[in-house]
Amino acid sequence: MHTPRPPPAPRPRRLDRLLASAAFRDRASRLPVGRWVARRRAGQLFELASGVVQAQVLQAVVRLDLPLMLLEAPQSPAELSRRLDLPEDSVLRLCEAARALGLLSRRAGGRYGPGGLGLALCNNDGLLAMLAHHDCIYDDLRDPVALLEAGIGAGLSRYWSYAGGGGREAPDGESVAGYTALMGRSQALIAGAVLDAYPMRRHRRVLDLGGGDGTFLLAALDRWPHLQAVSFDLPAVVEAARERLARRPPERRLELVGGDWRCDPIPPGPDLVTLVRVLHDHEDDVVRDLLARLRSTMRPGGRLLVAEPMAQRRGRSAKDAYFHMYFLGMGQGRLRTPAQVRRLLREAGWRGAQMRPTAIPLLAQVVVALA
Ligand SMILES: C[S@@+](CC[C@H](N)C(=O)[O-])C[C@H]1O[C@@H](n2cnc3c(N)ncnc32)[C@H](O)[C@@H]1O
């Protein structure tokens, strides 16, 4: 059982004021420990400030498909410049920047090949899809204070067409195509880990709410041949899922149901409901309503599984920073701690909510509760 640790005692404000004073920092940096702390802090701040450049180097490497290209054969900047039709000096600078970040590595004869991180990008369709949709985040974060004032970003709220206080109008096929494809492709990064964390062999019928194009359920059906599954999502998403499924061998155990969970009936009869990357897209009041509705349709003994990235709270976390700003850009939703998710479940009548460790806590943590 997970026992939460007590929060650390807050630092006295007087100490904060001292540490924030330039005169104190100047005096402290003349001592060996003070110098070490100052160097460390400077490094950390530089890392933060250069994040924008690091992300764009990554973006250029991915857009130019360098890791796969260089996996075929390492190349020199001159060779790459001819192939990519870019100035040789620019290519050299990009290669050196990417080498410094572990994306590329130097090889014999002044050539470059993929580095450790570059190799991890090769044939990693889910991650590449995630990176490709980052253009809308850059647009929304161009002026972060303007984003804070607006409380919503044009790029992200358009991308996630059900978000951003868009009211009750059902999104159309064109507006869901981008996110539905992204969700399907990125399931490759998480479905296996979620199913490892919570094996479904004891269940008969699973309902995946906000199931997207059905990729998560297909992975579950692959593992457990006795399982029946229903994926419920907005009608336009279900239409896209049908088109995608028509291109693969038929799966009779998977039913697709279109609807809006705020007003349409929830498909009856599951003994397990899954919410994969769904709750964090919504504010607490919407989550409370949804969880309570699900609770009232579930028989005693049924289970609910929540899988999504959750906040770390303690210590530095690039993931937390990313998702806090991401949901701000979307105009709805929030990154919650596991304790906050458990509390919402409890308030909606779910019992015994517990964490299940996953192999990819960066992308999804799992909480399972009982009806
Ligand atoms: C972030 S996506 C996650 C998709 C899928 N579970 C996955 O992890 O790949 C959230 C999904 O919830 C669906 N959704 C949002 N609001 C909904 C609503 N009111 N009724 C039904 N589905 C909804 C969206 O269409 C989208 O497919």
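Caption draft 1: Broad picture of the site of the ligand. Close to the ligand lie 18 residues, the nearest being Y179, G210, D233, V276 and R277. One of the side-chain nitrogen or oxygen atoms of D233 is found 2.6 Å away from an oxygen atom of the ligand. Coverage of the ligand by the protein amounts to 97% of the 600 Å² it exposes when considered alone. Element by element, the count of residues in the shell around the ligand is highest for helix 13 (residues 173-197), at three residues. For the shell around the ligand, the residue count by class is eight nonpolar, five polar and five charged.

Caption draft 2: Molecular detail of unusual backbone geometry. In the Ramachandran plot, D85 falls in the positive-phi region, its phi being about 60 degrees despite a non-glycine side chain. Within the secondary structure layout, D85 lies in the loop between helix 6 (77-84) and helix 7 (88-100). Given a relative accessible area of 69%, D85 falls into the exposed group. In this model, R277 sits at a positive phi of 55 degrees, which is unusual for a non-glycine residue.

Caption draft 3: Representation of the pattern of salt bridges within the structure. All chains considered together, the criterion is met by 19 salt bridges. Between E239 and R242 there is a salt bridge, and its shortest N-O distance comes to 4.0 Å. Taken as a pair, E239 and R242 lie in helix 15 (residues 235-245) at a separation of three residues, close to a single helical turn. You can call E239 partly exposed: its relative accessible area is 43%. Among the salt bridges present, the one from K319 reaches D320, with a minimum N-O distance of 4.0 Å. One salt-bridge network, held together by shared partners, links E96, R99 and R106.

Caption draft 4: Just the packing of aromatic side chains, in detail. Overall, the coordinates contain nine aromatic pairs when judged by the stated rule. Look at Y159 and W160: their rings are 5.3 Å apart centre to centre, the planes differ by 75 degrees, and that puts the pair in the edge-to-face class. With relative accessibility at 6%, the residue W160 sits in the buried group. Members of the aromatic cluster, joined through ring pairs, are Y159, W160, Y162 and Y179.

Caption draft 5: Local environment of the sheet that holds strand 9 (residues 365-370). Across the sheet, seven strands lie side by side as 5-4-3-6-7-9-8; this open sheet has mixed pairing. The two strands at the open ends of the sheet, each matched to only one other strand, are strand 5 (254-258) and strand 8 (351-356). Averaged over neighbouring strand pairs, the angle between their axes works out to 20 degrees when direction is ignored. Those strands touched by helix 15 are strand 4 (228-233) and strand 5, and its axis lies near 150 degrees from that of strand 5.

Caption draft 6: Structural detail: the side chain of H203. Here H203 lies in the loop between helix 13 and strand 3 (205-209). On the basis of relative accessible area, H203 is assigned to the buried category, the value being 3%. One polar contact links the side chain of H203 to the main-chain carbonyl oxygen of D271, over a distance of 3.3 Å. Contact partners of H203, with chain neighbours within four places excluded, come to Y198, H226, L227, D271, L272 and R303.

Caption draft 7: Structural context of the environment of P67. Residue placement: P67 occurs in helix 5 (residues 66-72). We classify P67 as buried; its relative accessible area is 6%. In the structure, P67 is positioned 51 residues away from G118 in sequence and 5.2 Å away in space, judged by C-alpha atoms.

Caption draft 8: Layout of helix 15. Considered for burial, the residues of helix 15 that qualify are A236, V237, V238, A241 and L245. Each element contacted by the buried residues of helix 15 is listed here: helix 13, helix 14 (215-223), strand 4 and strand 5.

Caption draft 9: Just the domain arrangement of the protein chain, in detail. Under the domain assignment used here, the protein chain contains domain 1 (14-49), domain 2 (51-123) and domain 3 (128-370). On a C-alpha basis, the centroid separation for the pair domain 1 and domain 2 is 36 Å.

Caption draft 10: Here's a closer look at a nonpolar patch on the surface. Taken together, the side chains of L15, L18 and L19 make up a nonpolar region of the molecular surface, amounting to roughly 220 Å² of accessible area. By the element assignment, L18 lies in helix 1 (residues 13-19). Residue L18 is classed as partly exposed on the basis of its relative accessible area, which comes to 38%.

Caption draft 11: Spatial organisation of the packing of helix 6 against helix 7. It is at 8 Å that the axes of helix 6 and helix 7 come closest, and there the two elements cross at 115 degrees. Here the hand of the crossing between helix 6 and helix 7 comes out right-handed. Contact with helix 6, carried on its side by P77, A78, L80 and S81, involves E88, V91, L92 and C95 of helix 7 and no other residues of that element. Here the residues of the contact of helix 6 with helix 7 are counted per class, giving six nonpolar, one polar and one charged.

Conventions used here
Residues numbered from 1 in each chain as written. Predicted model: local features only at pLDDT ≥ 70, side-chain atom pairs only at ≥ 80, totals over all residues. Heavy atoms only, no water. Near = heavy atom within 4 Å. Polar contact = N/O pair within 3.5 Å; in protein donor to acceptor, adjacent residues only side chain to side chain. Areas by Shrake-Rupley, 256 points an atom, 1.4 Å probe, with all protein chains shown as cover. Helix = DSSP H or I, 4+ residues; strand = E, 2+ residues; numbered from the N terminus. Nonpolar A, V, L, I, M, F, W, Y, C, P; charged D, E, K, R; others polar. Buried < 20%, exposed > 50% of the residue type's maximum accessible area, 1.4 Å probe, protein only. Salt bridge = Lys/Arg side-chain N within 4 Å of Asp/Glu carboxyl O. Phe/Tyr/Trp six-rings, centres within 6.5 Å; stacked < 30°, edge-to-face > 60°. Pairing = 2+ DSSP bridges. Axes fitted to C-alpha atoms, helices over the stretch in contact; angles between N-to-C directions. Contact = heavy atoms within 4.5 Å. Domains from an automatic or database assignment. Patch = residues over 30% accessible without salt bridge, like charges linked within 9 Å, V, L, I, M, F, W, Y side chains within 5 Å. Left-handed = near helix turned anticlockwise from the far one by under 90°.

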